[in-house]
Amino acid sequence: KMALGGEIRELTSSESIFTAAGAGAISAVVYTPVDLVTIQQQKMSLNPIGTVQAIIKNYGINGMFRGLVSCAVRESIYTAGYLGLAPVITHYLTKEVDMLREKPLASNIAGACVAGSFAALVTHPVDTAKTCVQSDLSKRTWPSVRATMPILMKEGGIGCFFRGVVPRTLRICG
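These remarks concern the structure in this document. All values derive from a computational prediction rather than experimental measurement.

Thresholds, definitions, all that
- Residues numbered from 1 in each chain as written.
- Predicted model: local features only at pLDDT ≥ 70, side-chain atom pairs only at ≥ 80, totals over all residues.
- Heavy atoms only, no water.
- Axes fitted to C-alpha atoms, helices over the stretch in contact; angles between N-to-C directions.
- Helix = DSSP H or I, 4+ residues; strand = E, 2+ residues; numbered from the N terminus.
- Parallel < 35°, antiparallel > 145°, perpendicular 65-115°, else oblique.
- Contact = heavy atoms within 4.5 Å.
- Nonpolar A, V, L, I, M, F, W, Y, C, P; charged D, E, K, R; others polar.
- Phe/Tyr/Trp six-rings, centres within 6.5 Å; stacked < 30°, edge-to-face > 60°.
- Salt bridge = Lys/Arg side-chain N within 4 Å of Asp/Glu carboxyl O.
- Buried < 20%, exposed > 50% of the residue type's maximum accessible area, 1.4 Å probe, protein only.
- 1 Å grid on protein atoms, 1.4 Å probe; cavity = no way out; pocket = protein on both sides within 12 Å on 5 of 7 lines; lining within 4 Å.
- Points joined across faces, edges and corners; volume = space filled by probe spheres on them.

Brief notes about the packing of helix H1 (residues 13–44) against helix H2 (residues 48–59)
- Between H1 and H2, the least distance of the axes is 9 Å, while the angle of their chain directions is 95°. Taken together, the axes of H1 and H2 are roughly perpendicular relative to one another. The residues of H2 that touch H1, namely those facing Leu36, Val37, Gln40, Gln41 and Met44, are Pro48, Thr51, Val52, Ala54 and Ile55.
- Here the contact of H1 with H2 is built from residues that sort into 7 nonpolar, 3 polar and no charged.

See below:
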C-alpha cells in the first residue's frame, strides 16, 4: 500500500516479478548460512550445531555469510522466476490458450513448470560458483565468486556450470 502511494490494486506483472526478486534477495540473509552449513557439514562430518560452532570459531560470524552476494543474486532471480513469473504465465495460459481456459489446475502446473525450469536454468551457473566458494572457507581454491567463474570456465567450459541442472530442475518442478 505504501509503495503504491496508498492505492489498493492488483500488482502489474512487472511489479509482481520485481517484488518477488526483492524478496528473494532479502531471503539470502537467511539462506546463505543454511546453504553454507549444509555444504560444510558434509565436509566436516559434524552435526549442524557443531558445524556452526566450528565455522564461527575459525572464521568469525562473517564466515557464516560467505557467498552472500551470489546467494542474493541466485535467490532474487530464482524467486522472480518462480514466484513472480509463474503467476504471470499461469494467467496468460488461462486467458489465451483455449485448451487451458477451463483448466486452472493444468494452467497452474504448466505455469509453475515453465517458470521453475527457467529459474533453475538461469540461476544454475551462479549457484555452482556459490557452492564452490562456500565449500572453501579458507579461500585457497575459490577466493570469490568473481574469481571462481573464470576458473570453472577454464577447467570445464560452459558445461561445468550446468552439472546437475536436470535433477535440480526436476526437483524444483516436482
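Past the structure itself, the notes keep going.
A closer look at the packing of aromatic side chains
- Inspection of the entire model under this criterion finds 1 aromatic pair.
- Here the aromatic rings of Tyr78 and Tyr82 are separated by 5.7 Å at their centres, their planes lie at 5°, and the arrangement is stacked. In this pair, Tyr78 and Tyr82 both sit in helix H3 (residues 68–96), 4 residues apart, roughly one turn of the helix.

Regarding the pattern of salt bridges
- On inspection of all chains with the given rule, the structure shows 7 salt bridges.
- Between Lys130 and Asp35 there is a salt bridge, and its shortest N-O distance comes to 2.8 Å. Of this pair, Lys130 sits in helix H4 (residues 104–135) while Asp35 sits in helix H1, and the two are 95 residues apart along the sequence.
- When its relative accessible area of 2% is taken as the criterion, Lys130 is described as buried.
- Look at Asp35 and you get buried, because its relative accessible area is 11%.
- Across the salt bridge formed by Asp127 and Arg74, the nearest N and O atoms sit 2.5 Å from each other. In this pair, Asp127 is assigned in helix H4 and Arg74 in helix H3, connecting sequence segments 53 residues apart. In terms of burial, Asp127 and Arg74 fall into one category: buried.
- A network of salt bridges, in which partner residues are shared, links Asp35, Arg74, Glu75, Asp127, Lys130 and Arg168.

Here we look at the layout of surface pockets
- Taken as a whole, the largest pocket holds about 210 Å³ of empty space.
- Forming the walls of the largest pocket are Tyr31, Asp35, Arg74, Glu75, Tyr78, Asp127, Arg168, Arg171 and Ile172.
- Looking at the lining of the largest pocket residue by residue, the classes come out as 3 nonpolar, no polar and 6 charged.

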